[in-house]
Protein chains: 2
Amino acid sequence: MNRYIICAASFVLLLASCGSHEGNTSNKEVDTFPYDIPYEKPDLELSASMEALYDRYGVPIPQQNELYTQFRFSPITGFDYDQASGKVTRRDPSRIIKVDGIYYVWYTLRQTDSAPLGAEACNDTIPSTDWDLSDIGYATSKDGFNWEEKGIAVARPSSPQQGHRSISTPEILVWQDKYYLYFQAFSEASGTSGGDNCPVAMAEAPTPDGPWQYYDDIVIPTGKSGAWDQYSIHDPLPVVFKGKIYMYYKSDYNKDMGQVRSQGVAIGDNPFGPFEKSALNPVISSGHETQYFRFKEGIAAIATRDGHEHYTVQYSDDGINFYQASICDLMPEASGLYDPDAFTNVEYANGITWGICHINNYSKGKTYSSIFRFDCDLSLKLDDPEMKVNHVRPTYEEYMRHGLSAKQRARIKGEMRQ
Amino acid sequence: MNRYIICAASFVLLLASCGSHEGNTSNKEVDTFPYDIPYEKPDLELSASMEALYDRYGVPIPQQNELYTQFRFSPITGFDYDQASGKVTRRDPSRIIKVDGIYYVWYTLRQTDSAPLGAEACNDTIPSTDWDLSDIGYATSKDGFNWEEKGIAVARPSSPQQGHRSISTPEILVWQDKYYLYFQAFSEASGTSGGDNCPVAMAEAPTPDGPWQYYDDIVIPTGKSGAWDQYSIHDPLPVVFKGKIYMYYKSDYNKDMGQVRSQGVAIGDNPFGPFEKSALNPVISSGHETQYFRFKEGIAAIATRDGHEHYTVQYSDDGINFYQASICDLMPEASGLYDPDAFTNVEYANGITWGICHINNYSKGKTYSSIFRFDCDLSLKLDDPEMKVNHVRPTYEEYMRHGLSAKQRARIKGEMRQ
């Protein structure tokens, strides 16, 4: 009998042919780990790494991992950046929604007379950071590559309303045929009080084209004194799950002894809240502008650049307990996903294949950000082997661009002669 | 009492000041996860991700993870590649050793009249693959950046001796004041029998400059029929550990249903073996040209481009049970490490800070590989904050170089209009 050909219900080809493999002499019983990798954990003593292979990932064959993907990037048209002067920025795109055949995306839109010049030099018209003196812009597209900017969706309000200095980093929610935008609302220039701390405001509209009603409610309050999220609630992102709104957010903590960024969730039953924070927060240890999408019975997350488990896709059955599902490379930053099931409350979702992300173009006195597109295969419906290749190949020039600093060169020169 | 300030013995600053923090009112007792991250797992109900943070990594603060690093790359001098004609290749560098103040590295050296043209077109002077018709070359350096090629260390032998077609992918062992090179030994052009399967041969010398005595012993035999390593033993790499030689190797399996690459180990007490394979093989599920170095009481591994746990550093106390210790980006490929404790049999090792790696320069009819240097901070003795930054920043051009294929563009164009 062949011990190691195990028919996994999810693997149709093997399932169909499994009976005929019984007694197949080309697959001998062995007491070492077998050449044909078992689909389920075999009854063998395994090393810790092979235990993890079976315990941590849904399938032992890497290229069959539905939550592993490469990311491929494309320019998008329709956006003018004033010849990279730094006076125009577009960043932190929201998830994308499709309404009547038209794709919509919202983003931080800054159009100022100057590039950001820091907290010291900023004034009423000079921004401190790249997301200072901003409004929420939006654009539409029929094909996801060519976009038309429709202008400002939500303008920052007048003083003294919360957000009168800048509103940024929008996320969209569709709930009971209405549209809600959540965003960070600054009443002072970011950085001028030593931090980037701000509450979240929101806006509501009957259509994705508006008109938007502004609310300066505090959607998620900061935690009590001593709690991990006592200072900041960043990047609120609502997902409809189990009939409720799971509002994910980021907070920064442990700043004095080495900053840590983690993700929390607060759950509510309507767009205005209240949202009750999970007692298990933080729910993801890592990630920066973390993105979430409905996947199978649960929620998957793209955890990007911060933390021990940066560069991973995480998965949770319950929206609260997340597990590392894959490790990826060249991930999009601050991405907004096209997740067709973000707000449908389906029991089983297929995942995502594209989105919009941003890049920060740092240049002294000309810093700005721009948005572009990525495609991927984090979908049960798509099977693109090019996206499942296990390895992104950098060029020699890319390696060399990540070279030693002058300080490092000096240190190493000394060490090499020791 | 403050529940959450826990003094970890490894964290000297906190340890020194811990007594004075007792009763410090700035760190209030909270029933949510605290702002000052506990160094040891707190007595709180935690989410799965925070459980993993404590169970999987030595320290909860990412930038204090001794096995996380960025890699920074530098060109090296002293090697001529015949103007990138494809006729000269240097690849798969060995670990580097230092003898009498001089650094030594060995590598696959191909100097042929033609670039590799594939198994169909190869003959006695035209190579099939980039590592066909090769010898083992070597070079020395005083500073690790400027090298002098010393020529061929081990030439491929005459027919019919094993390896007469090509020898490649060398690794060095220093054992009882003698030097041993292990390498893949081909008696036919790689690819001509449908695979890249070859045994391992070895050479011995009294000094790193030779003279080298060639042995065509099979150091690690392939596994029995049906075993995961029944076809290939690649990249043998010896580490001296607990008084024995731990010979790590790679094998490819499950080729018909989706290839998997994993790492095994075989343990011997002298350079000629026999080496007994671990009953727990494979010991690392992932990685391609995996590198190993002595670290603390155990062995760490750099697992590069293949498998679920590609792009990770792994750690094992016993050399057999490895655990994911970090996730990295822009890792060097086919690296050879400067590990000063690779052969010293120390009980506690400090780790590594640099090495040599290669890049494959693919170009139709001109394919070759070249070697260059990387630096990192995978060392207990080094503390370089620049290497601990959690995030490698690609440029817009780098993203765009990883764009959609024509096939993908056509598929996506259709999907977007649905």
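Residues numbered from 1 in each chain as written. Chains lettered and ligands numbered in written order. Predicted model: local features only at pLDDT ≥ 70, side-chain atom pairs only at ≥ 80, totals over all residues. Heavy atoms only, no water.

## Structural notes on the overall build of chain A
The helix and strand tally for chain A stands at 4 helices and 21 strands. With the principal axes as the frame, chain A shows a C-alpha extent of 80 × 70 × 45 Å. The buried share of chain A, reckoned over its 418 residues, is 64%. Nonlocal contacts in chain A, meaning residues at least 24 apart in sequence, comprise 55% of its contacts between residues at least 6 apart. For chain A, the exposed surface amounts to about 15900 Å²; the carbon and sulfur share of it is 49%. (Helix = DSSP H or I, 4+ residues; strand = E, 2+ residues; numbered from the N terminus. Buried < 20%, exposed > 50% of the residue type's maximum accessible area, 1.4 Å probe, protein only. Contact = heavy atoms within 4.5 Å. Areas by Shrake-Rupley, 256 points an atom, 1.4 Å probe, with all protein chains shown as cover.)

## Observations regarding the relation of the copies chain A and chain B
Relative to chain B, chain A is turned by 180° and slid 0.0 Å along the rotation axis, the superposed coordinates differing by an RMSD of 0.0 Å. Taken together, these values place the two copies in the relation of a two-fold axis. Comparing interface residues between copies, 100% of those in chain A also sit at the interface in chain B, which points to an isologous, same-surface contact. (Least-squares fit on C-alpha atoms with pLDDT ≥ 70 in both.)

## A look at helix α2 (residues 48–56) of chain B
Every α-helical turn comprises 3.6 residues, leaving residues that sit three or four positions apart pointing alike. α2 of chain B sits mainly inside the fold: 7 of its 9 residues count as buried. Listing the buried residues of α2 of chain B in full gives Ala48, Ser49, Met50, Ala52, Leu53, Tyr54 and Arg56 of chain B. Contacts made by the buried residues of α2 of chain B are with α2 (48–56), β12 (244–253), β13 (260–268) and β18 (323–327) of chain A together with β18 (323–327) of chain B.

## Considerations on the packing of aromatic side chains
Tallying each qualifying case throughout the model produces 54 aromatic pairs over all chains. Geometrically, the ring pair formed by tyrosine 81 of chain A and tyrosine 368 of chain A is tilted, given 5.6 Å between the ring centres and 45° between the ring planes. With tyrosine 81 of chain A in the loop between β1 (72–74) and β2 (88–91) and tyrosine 368 of chain A in strand β21 (residues 368–379), this residue pair connects regions lying 287 residues apart in the sequence. Residue tyrosine 81 of chain A shares its accessibility class with tyrosine 368 of chain A, and that shared class is buried. Counting every residue linked through ring pairs, the aromatic cluster contains Phe33 of chain A together with Trp228, Tyr249 and Tyr253 of chain B. Here the basic side chain of arginine 373 of chain A rests over the ring of phenylalanine 145 of chain A, its NZ or CZ set 3.9 Å away from the ring centre. (Phe/Tyr/Trp six-rings, centres within 6.5 Å; stacked < 30°, edge-to-face > 60°. Lys NZ or Arg CZ within 6 Å of the ring centre and 35° of its normal.)

## A closer look at the side chain of serine 168 of chain A
Residues and elements named next belong to chain A. Locating serine 168 in the fold gives a position in strand β7 (residues 166–175). Taking relative accessible area as the criterion, serine 168 reaches 0% and is therefore assigned buried. In terms of polar contacts, serine 168 uses its side chain to reach the side chain of threonine 169, at 3.2 Å. Sequence-distant contacts of serine 168, defined by excluding residues within four places in its chain, comprise Thr108, Trp131, Ile136, Phe183, Gln184 and Phe186. (Polar contact = N/O pair within 3.5 Å; in protein donor to acceptor, adjacent residues only side chain to side chain.)

## What about the interface of chain A and chain B?
With 117 residues of chain A at the interface, the matching set in chain B holds 117 residues. Across the chain A to chain B interface the summed buried area is about 10200 Å²; carbon plus sulfur atoms make up 55%. For chain A, the biggest contributors to the area lost against chain B are Tyr35, His308 and Met416 of chain A; these three give 10% of the whole. Where chain A packs against chain B, one counts 10 salt bridges. Residue aspartate 143 of chain B pairs with arginine 417 of chain A through a salt bridge whose shortest N-O separation is 3.9 Å. Applying the counting rule to chain A against chain B returns 61 residue pairs in polar contact (both at pLDDT 80 or more). Grouping the amino acids of the side of chain A that touches chain B by side-chain chemistry returns 57 nonpolar, 32 polar and 28 charged. (Buried area = accessible area lost by both parts, 1.4 Å probe. Salt bridge = Lys/Arg side-chain N within 4 Å of Asp/Glu carboxyl O. Nonpolar A, V, L, I, M, F, W, Y, C, P; charged D, E, K, R; others polar.)

## Some remarks on the sheet that holds strand β14 (residues 276–277) of chain A
What holds strands together in a sheet is hydrogen bonding between their backbones, with the strands either parallel or antiparallel. Here 4 strands make up an open sheet; going across it, the order is β11-β12-β13-β14 (chain A) and the pairing antiparallel. Each edge of the open sheet is held by one strand with a lone partner, namely β11 (234–241) and β14 of chain A. (Pairing = 2+ DSSP bridges.)

## Points about the environment of glycine 336 of chain A
Residues and elements named next belong to chain A. Its place among the elements puts glycine 336 in strand β19 (residues 336–337). C-alpha of glycine 336 to C-alpha of glycine 223: the two residues are 113 residues apart in sequence and 26 Å apart in space. Dropping the residues within four chain positions of it, glycine 336 is found in contact with Pro93, Ser94, Arg95, Ile96, Gln291, Gly355, Ile356 and Phe374.

## What to know about the pattern of salt bridges
Tallying each qualifying case throughout the model produces 44 salt bridges over all chains. A salt bridge links glutamate 149 of chain A to arginine 90 of chain A, with the nearest nitrogen and oxygen atoms 2.7 Å apart. On the criterion of sequence distance, the pair formed by glutamate 149 of chain A in strand β6 (residues 147–154) and arginine 90 of chain A in strand β2 is long-range, its members being 59 residues apart. Residue class for arginine 90 of chain A comes out buried when judged on its relative accessible area of 2%. A salt bridge links lysine 178 of chain B to glutamate 204 of chain B; the nearest nitrogen and oxygen atoms lie 3.6 Å apart. With lysine 178 of chain B in strand β8 (residues 178–186) and glutamate 204 of chain B in strand β9 (residues 200–205), the pair connects residues that are 26 residues apart, well separated along the chain. Here glutamate 204 of chain B falls in the buried class, since its relative accessible area comes to 13%. Here the residues in one salt-bridge network are Arg91, Asp92, Arg110 and Asp130 of chain A, joined through shared partners.

## Re unusual backbone geometry
Of the consecutive residues glycine 210 of chain A and proline 211 of chain A, the connecting peptide bond is found in the cis state with omega at -5°. Mapped onto the elements of the fold, proline 211 of chain A is located in the loop between β9 (200–205) and β10 (213–215). Cis peptide bonds are those with omega within 30 degrees of zero, and the linkage from asparagine 281 of chain B to proline 282 of chain B qualifies with -5°. With respect to the helices and strands, proline 282 of chain B occurs in the loop between β14 (276–277) and β15 (291–295). One non-glycine residue with positive phi stands out, namely lysine 242 of chain A, at about 55°. Secondary-structure assignment places lysine 242 of chain A in the loop between β11 and β12. A residue is classified by how much of its surface remains accessible, and lysine 242 of chain A, at 55% relative accessible area, is exposed.

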